[in-house]
Amino acid sequence: QSALTQPPSASGSPGQSVTISCTGTSSDVGGHNYVSWYQQHPGKAPKLMIYEVSKRPSGVPDRFSGSKSGNTASLTVSGLQGEDEADYYCGSYAGSNNSVVFGGGTKLTVL
Amino acid sequence: QVQLVESGGGLVKPGGSLRLSCAASGFTFSDYYMNWIRQAPGKGLEWVSYISRSGSTIYYADSVKGRFTISRDNAKNSLFLQMSSLRTEDTAVYYCARVSLGRRDFDYWGQGTLVTVSS
């Protein structure tokens, strides 16, 4: 499967909102609700931020929200804070062989 | 608390072999599906392999099929990745990751172990 498509970069000022898109196909993003988002700070392991399109794990601030329309999923970070500056990856169950396909990552900069 | 600790990475020549380990603690290891996911330097995440709770069902990405072997030892709370016929493009940080119960996302990741394939 091909990687999901994400913009390479996004930015916003503290307190603003920013949305990151993740485009796939009907075989992955558009075919089910198993879309997740991961935050990765430099040199650190990825951290689950959103699962099943829009659900937040315990401990993730409600400033993070997810949605999906057709083959495109989105992550919105509201009330941007400096600690939100990181790389963000979307992931989607790809159906066959229990495989998962990831996006190329988006570097979020807090201006 | 849940912990996943990878080890076994290092420098290896093209065509060589390496065995990665992931020690799990803080949860009932045998209850969870596990995966290996890698990240080449400066690049994105790439799913590598999946193993079911008992080890009876295994899947691989096409890029590693026939060269990598995933396994687990539930008695020792450990996950393994035997890598052979290594190529320069296998250079990456390798993470073990736990699949959330009843879901298809990864709720815990190890800190990763770096594998460098170079002559």
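As shown above, the structure is provided for reference.
Keep in mind the model is a prediction, meaning the values are calculated, not measured.

About the criteria used
- Residues numbered from 1 in each chain as written.
- Chains lettered and ligands numbered in written order.
- Predicted model: local features only at pLDDT ≥ 70, side-chain atom pairs only at ≥ 80, totals over all residues.
- Heavy atoms only, no water.
- Helix = DSSP H or I, 4+ residues; strand = E, 2+ residues; numbered from the N terminus.
- Rg over C-alpha atoms; globule rule 2.2 N^0.38 Å.
- Buried < 20%, exposed > 50% of the residue type's maximum accessible area, 1.4 Å probe, protein only.
- Contact = heavy atoms within 4.5 Å.
- Areas by Shrake-Rupley, 256 points an atom, 1.4 Å probe, with all protein chains shown as cover.
- Lys, Arg positive; Asp, Glu negative; His and termini not counted.
- Charge placed at Lys NZ, Arg CZ, Asp CG, Glu CD.
- Buried area = accessible area lost by both parts, 1.4 Å probe.
- Salt bridge = Lys/Arg side-chain N within 4 Å of Asp/Glu carboxyl O.
- Polar contact = N/O pair within 3.5 Å; in protein donor to acceptor, adjacent residues only side chain to side chain.
- Nonpolar A, V, L, I, M, F, W, Y, C, P; charged D, E, K, R; others polar.

## Observations regarding the overall build of chain B
In step 1: Along its length, chain B carries zero helices and 11 strands.
In step 2: Going from N to C terminus, chain B has its helices and strands arranged as β-β-β-β-β-β-β-β-β-β-β.
In step 3: Against the 2.2 N^0.38 benchmark of 14 Å for 119 residues, chain B shows a C-alpha radius of gyration of 13 Å, consistent with a compact globule.
In step 4: Based on the C-alpha atoms only, the size of chain B along its principal axes is roughly 40 × 25 × 25 Å.
In step 5: Split into buried and exposed, the 119 residues of chain B put 48% on the buried side.
In step 6: Within chain B, counting contacts between residues at least 6 apart in sequence, those at least 24 apart form 53% of the total.
In step 7: Total accessible area on chain B is roughly 5,300 Å²; 46% of this is exposed by carbon and sulfur atoms.
In step 8: Charge-centre separation for chain B: the mean point of 13 positive side chains lies 3 Å from the mean point of 9 negative side chains.

## Digging into the overall build of chain A
In step 1: Helices and strands together make up the secondary structure of chain A, namely zero helices and nine strands.
In step 2: For chain A, the succession of helices and strands along the chain, N to C, is β-β-β-β-β-β-β-β-β.
In step 3: For chain A, whose C-alpha radius of gyration is 13 Å, the value lies close to the compact-globule estimate of 13 Å for 111 residues.
In step 4: Dimensions along the principal axes, computed over C-alpha positions, put chain A at roughly 40 × 25 × 25 Å.
In step 5: Burial analysis of chain A (111 residues in total) assigns 49% to the buried set.
In step 6: Surface exposure of chain A reaches about 4,800 Å², of which carbon and sulfur atoms provide 45%.
In step 7: With 7 positive and 7 negative side-chain charges, chain A shows a spacing of 3 Å between the two charge centroids.

## Focus: the environment of Thr69 of chain B
Residue and element names in this part refer to chain B.
In step 1: For Thr69, the position within the fold is in strand β7 (residues 68-73).
In step 2: On the basis of relative accessibility, which here comes to 43%, the residue Thr69 falls in the partly exposed class.
In step 3: For the pair Thr69 and Ser17, spaced 52 residues apart in sequence, the C-alpha separation works out to 11 Å.

## Observations concerning the interface of chain B and chain A
In step 1: Counting residues at the interface gives 19 residues for chain B, matched by 18 residues for chain A.
In step 2: Looking only at chain B, the three residues that lose the most surface to chain A are Leu45, Trp47 and Arg104 of chain B, adding up to 38% of its buried area.
In step 3: Across the contact surface, chain B and chain A share zero salt bridges.
In step 4: Linking chain B with chain A are five residue pairs in polar contact (both at pLDDT 80 or more).
In step 5: Looking at the side of chain B that touches chain A, the elements with two or more residues in it are β4 (34-39), β5 (45-51) and β10 (106-109) of chain B.
In step 6: The greatest single-element share of the side of chain B that touches chain A, amounting to four residues, is contributed by β5 of chain B.
In step 7: Across the side of chain B that touches chain A, the residue classes tally to eight nonpolar, five polar and six charged.

## Some words on the environment of Ile37 of chain B
In step 1: By the element assignment, Ile37 of chain B lies in strand β4.
In step 2: Put simply, Ile37 of chain B and Ala92 of chain B are 55 residues apart on the chain and 9.6 Å apart in space, counted from C-alpha to C-alpha.

## Focus on the pattern of salt bridges
All names here are of chain B.
In step 1: Evaluation of the coordinates by the stated rule reveals eight salt bridges over all chains.
In step 2: Here Glu46 makes a salt bridge to Arg38, at a shortest N to O gap of 2.7 Å.
In step 3: A residue is classified by how much of its surface remains accessible, and Arg38, at 5% relative accessible area, is buried.
In step 4: Members of the salt-bridge network, linked through shared partners, are Arg38, Glu46, Arg67 and Asp90.

Nothing here speaks to function; it is geometry throughout.
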